[in-house]
Amino acid sequence: MQPRHMYVHVPFCARRCTYCDFAIAVRRVVPVEEYLTALDTELRLRWADAGLALDTLYLGGGTPSRLGADGVARAIDVVRRVATLAAGAELTIEANPEDVTADVARRWRDAGVNRVSLGVQSFDDGALTWMHRVHDAARAERAVGELRDAGIENLSIDLIFALPEEAGPRSWERDLERAVALEPPHVSLYGLTVEAHTPLGKALAVGGITEAPEDRYERDFLAAHEVMTAAGLEHYEVSNFGRPAMHSRHNGAYWRSVPYAGVGPGAHELRVDGDRMVRRWNDDAYARWAGTLRAGRDPIAGDETLTAENRIAEQVYLGLRTAGGLAIRAEEREKVRGWVDAGWGVLAEVAGAPGAPPEAGLVFRPTPLGWLRLDALAADLTALRSR
Ligand code: SF4
């Protein structure tokens, strides 16, 4: 079964944001030629004879927009050497506002980009500076206009919530209002968590910051749900809101656990090999990834065959993440009814629910309160299913 989805990791960033633990390469000057040559080699090594036909292509990072207008177009061309993009394919790039200009936006559109995920994060300039972001709020708003003027309507705005107090007097409610005022068809949320090896993690270790308390995390999350759904966006996945035709098709593939290809440093992919599902991942250090490919070798760093337990855990977790919910088995009904009574979800009768035995037909759909307990609910159901 060939993947119909491809992720391309572009690791370059101008500098590291304080909270970031992604596989990135901080470069003042982006080595576009070296990167594209390595990407071309990796794609040929892995997919030259596969005849891939893609429904979605996603350039993520890092900051793919740092490749510039020409670099993005050439990266897409490199992918097209081993894969065709199906009619109506979704082609997303992640972009930071400071990289968007009217000219760049038009050239991305001409290269086939039809969806942009814009790293806005906040409209509070003090908070943006504290996060070590390059842009300010005015630049973010201008970028939205420039992308729209170029005809790229399918825009997603990324926002961060639950910032530590040290980020300054940022009002989350005001950020939500300014986001909604731009009428984005899609919004993605990221609740800030402090990872040990990030600049914030180091500050936390020496008492330089305190993490946002749990109740503020919950308040911010629920406020986002209120504001976004009132603006007509569906809360269709724990961290994502979108108008009906604007849900992320690429991320939807991850949530359905269908195969996807992943290239670039640190990229993961999921392959089906007979009746096995195999996850594999690349070396995440840019220089090693590029060096391995220069030597004509595959930059794989590891792989694992998903066990039956892994697959159950993944099916449960992914099902509970989405508003479509998870098909519930007869022996799980009692437990799940308790969750419904607690306000953590609803049970819906669905004929032929995916993955359900024919007699079941019940689907559990988490409410926002349930999503705040996602890990615990998923662990409970996984334990029940794995017995
Ligand atoms: S721009 Fe994104 S990937 Fe780059 S450092 Fe900031 S958060 Fe990390």
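See the structure above.
Nothing here was measured: the structure is a model prediction, and the numbers come from that model. (Residues numbered from 1 in each chain as written. Predicted model: local features only at pLDDT ≥ 70, side-chain atom pairs only at ≥ 80, totals over all residues. Heavy atoms only, no water.)

A. Highlighting the pairing of strand 13 (residues 276-282). Extensive coverage of strand 13 is indicated by the burial of 5 of its 7 residues. Pairing analysis gives 6 bridges linking strand 12 (residues 268-273) to strand 13, with the strands arranged antiparallel. The residue of strand 13 that forms the bridge with H268 is W281. Counting the residues in the hairpin turn of strand 12 and strand 13 gives 2 residues, including G274, whose phi is positive at 65°. As judged from the 5 bridges shared by strand 13 and strand 14 (residues 300-305), these two strands associate in the antiparallel manner. Following the sheet pairing, V278 is matched in strand 14 by T305. (Buried < 20%, exposed > 50% of the residue type's maximum accessible area, 1.4 Å probe, protein only. Helix = DSSP H or I, 4+ residues; strand = E, 2+ residues; numbered from the N terminus. Pairing = 2+ DSSP bridges.)

B. Fine view of helix 8 (residues 214-230). Here helix 8 spans 24 Å end to end across 17 residues, near enough to the 24 Å set by a 1.5 Å rise per residue. Residues of helix 8 that are buried include every one of R216, D220, F221, A223, A224, H225 and M228, and no others. Of the surrounding secondary structure, the elements contacted by the buried residues of helix 8 are strand 7 (154-161), helix 6 (172-181), strand 8 (186-191), strand 9 (234-237), strand 10 (240-242) and helix 13 (368-371). Positive backbone phi, approximately 95°, marks G232, located one or two places after helix 8. (Expected span 1.5 Å × (residues − 1). Contact = heavy atoms within 4.5 Å.)

C. Here's a closer look at the site of the ligand. By nearness alone, every residue bordering the ligand is listed as C13, R15, R16, C17, Y19, C20, F22, I24, G62, T63, N96 and R133. Broken down by class, the residue content of the shell around the ligand amounts to 6 nonpolar, 3 polar and 3 charged. (Near = heavy atom within 4 Å. Nonpolar A, V, L, I, M, F, W, Y, C, P; charged D, E, K, R; others polar.)

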